[in-house]
Amino acid sequence: MKHITPLSKQKKIINIILCILFIIFALLQLNDPDGILWFTIYFIVAIICLYNNFKPIPRLFLIVTMVALLAYAIFHFSLFIDYLKTENKEEIFGEMVYDKPYLEGTREFIGLLIAAFGVMYQLKVRKN
C-alpha cells in the first residue's frame with residue numbers, strides 16, 4: 001500500500017483559495033436558468049479542494065470527476081469554436097444574449113476546464 005504524505009502548508013493554503021474561488025463560482029451561477037446544475041458542479045469541486053486538505057481523496061474518484069468535467073466540456077467545444085470565429089471577442093464579458101448561444105457555451109466550456117484543472121491539481125498534490 002502506497003503511503004500518502006500530508007499536504008504542505010503552502011498546498012493547503014492553495015486548496016483553501018481554490019475552495020473559496022469555486023464557492024464564489026458556484027454562487028454566481030444561482031441566477032442562471034440552469035443554475036442548480038452549475039452550482040452543483042462548482043460546489044463539488046470546492047468540496048474536493050477543501051476535503052483533500054484533511055484526508056486523501058481516492059485517486060480513482062478524482063480521475064472520474066476530471067474525466068466527467070472534460071467530457072462535459074467537449075459537449076460545449078463546438079460553441080467555443082463558434083465564439084473563436086466571431087469578431088467581437090469582448091462579448092464574452094457582457095450579458096447573455098439568447099440569439100448568441102456560443103457566448104454562454106464558451107463561458108461554460110471555460111468554466112468546466114477551470115474546474116477540471118482544479119481537480120487535476122488535487123491529483124498532482126496527492127501524488128507528490
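Our structure's up above, just so we're on the same page.
Now for a description of the structure that goes with this document.

1. A short note on a nonpolar patch on the surface
On the surface, Ile 13, Ile 16, Ile 17, Ile 20, Leu 21, Ile 24, Leu 28, Leu 50 and Phe 54 cluster together into a nonpolar patch covering about 850 Å² of accessible area. At 7 residues, helix H1 (residues 9-28) tops the list of elements feeding residues into the nonpolar patch. Looking at where Leu 21 falls in the secondary structure, it is placed in helix H1.

2. Focus: the packing of aromatic side chains
Throughout the structure, instances matching the rule amount to 8 aromatic pairs. Aromatic side chains Phe 22 and Tyr 42 sit 6.4 Å apart centroid to centroid with 25° between the ring planes, which places their arrangement in the stacked category. Taken together, the residues span a long stretch of sequence, with Phe 22 in helix H1 and Tyr 42 in helix H2 (residues 35-51) at a distance of 20 residues. Take Tyr 42: its relative accessible area is 6%, and that puts it in the buried class. Seen from their ring centres, Trp 38 and Tyr 42 are 6.2 Å apart, and the 40° between their planes marks the pair as tilted. Note that Trp 38 and Tyr 42 are positioned in helix H2 at a spacing of 4 residues, about one turn of the helix. Among the residues examined, Trp 38 registers a relative accessible area of 1% and is labelled buried.

3. Regarding the side chain of His 76
Position of His 76 among the secondary structure elements: in helix H3 (residues 59-84). Residue His 76 is classed as buried on the basis of its relative accessible area of 4%. Among residues more than four places away in sequence, those in contact with His 76 are Trp 38, Gly 105, Glu 108, Phe 109 and Leu 112.

4. A look at the packing of H1 against helix H4 (residues 101-127)
Packing of H1 against H4 leaves a shortest axis separation of 12 Å and a crossing angle of 160°. Judged on the interaxial angle alone, H4 and H1 are roughly antiparallel. Seen along the crossing, H1 lies across H4 with a hand that is left-handed. Taking contact as the criterion, the partners of Lys 11, Ile 14, Asn 15, Leu 18, Phe 22 and Phe 25 in H1 are, on H4, Ile 114, Ala 115, Gly 118, Tyr 121, Gln 122 and Val 125.

5. Observations concerning the nonpolar core
Residues Phe 22, Val 45, Leu 69 and Val 119 are the most contacted members of the largest nonpolar core, which totals 29 residues. The element best represented in this core is H4, accounting for 10 residues. Leave out the neighbours within four places in its chain, and Val 45 touches Phe 22, Leu 69, Ala 115 and Val 119.

Procedures and definitions
Counting from 1, residues in each chain are numbered in the order their sequence is written. Local features are withheld for residues below a pLDDT of 70 in this predicted model, meaning they are given only at 70 or higher, and side-chain atom pairs are given and counted only at 80 or more; totals for whole chains, interfaces and linings count all residues. No hydrogens and no water enter the side-chain calculation; it runs on all heavy atoms of the structure. Patch membership requires more than 30% relative accessible area and the absence of a salt bridge. Residues of like charge join within 9 Å; the nonpolar side chains Val, Leu, Ile, Met, Phe, Trp and Tyr join within 5 Å. Areas reported as accessible are Shrake-Rupley estimates using a 1.4 Å probe. Residue values count occlusion only from the protein chains shown. Counted as salt bridges are all cases of a side-chain nitrogen of Lys or Arg within 4 Å of a carboxyl oxygen of Asp or Glu. The helix and strand labels rest on DSSP assignments: H or I over at least four residues marks a helix, E over at least two residues marks a strand, and numbering proceeds from the N terminus. Between the rings of Phe, Tyr and Trp (Trp by its six-membered ring), a pair exists once the centres lie within 6.5 Å; its type follows the angle of the planes, with under 30 degrees stacked, over 60 edge-to-face, and the other angles tilted. With a 1.4 Å probe rolled over the protein chains alone, any residue whose accessible area is under 20% of its type maximum counts as buried; one over 50% counts as exposed, and the rest are partly exposed. Should any heavy atoms of two residues lie within 4.5 Å, those residues are considered in contact. Here an axis means a line fitted to C-alpha atoms, over the contact stretch when the element is a helix, while the angle between two N-to-C directions is reported on a 0 to 180 degree scale. An angle below 35 degrees is treated as roughly parallel, one above 145 as roughly antiparallel, one from 65 to 115 as roughly perpendicular, and anything else as oblique. Should the near helix be turned anticlockwise from the far one by less than a right angle, the crossing is left-handed, and should it be turned clockwise, the crossing is right-handed. Nonpolar cores were defined as sets of buried Ala, Val, Leu, Ile, Met, Phe, Trp, Tyr and Cys residues, with membership established by side-chain atoms within 4.5 Å.

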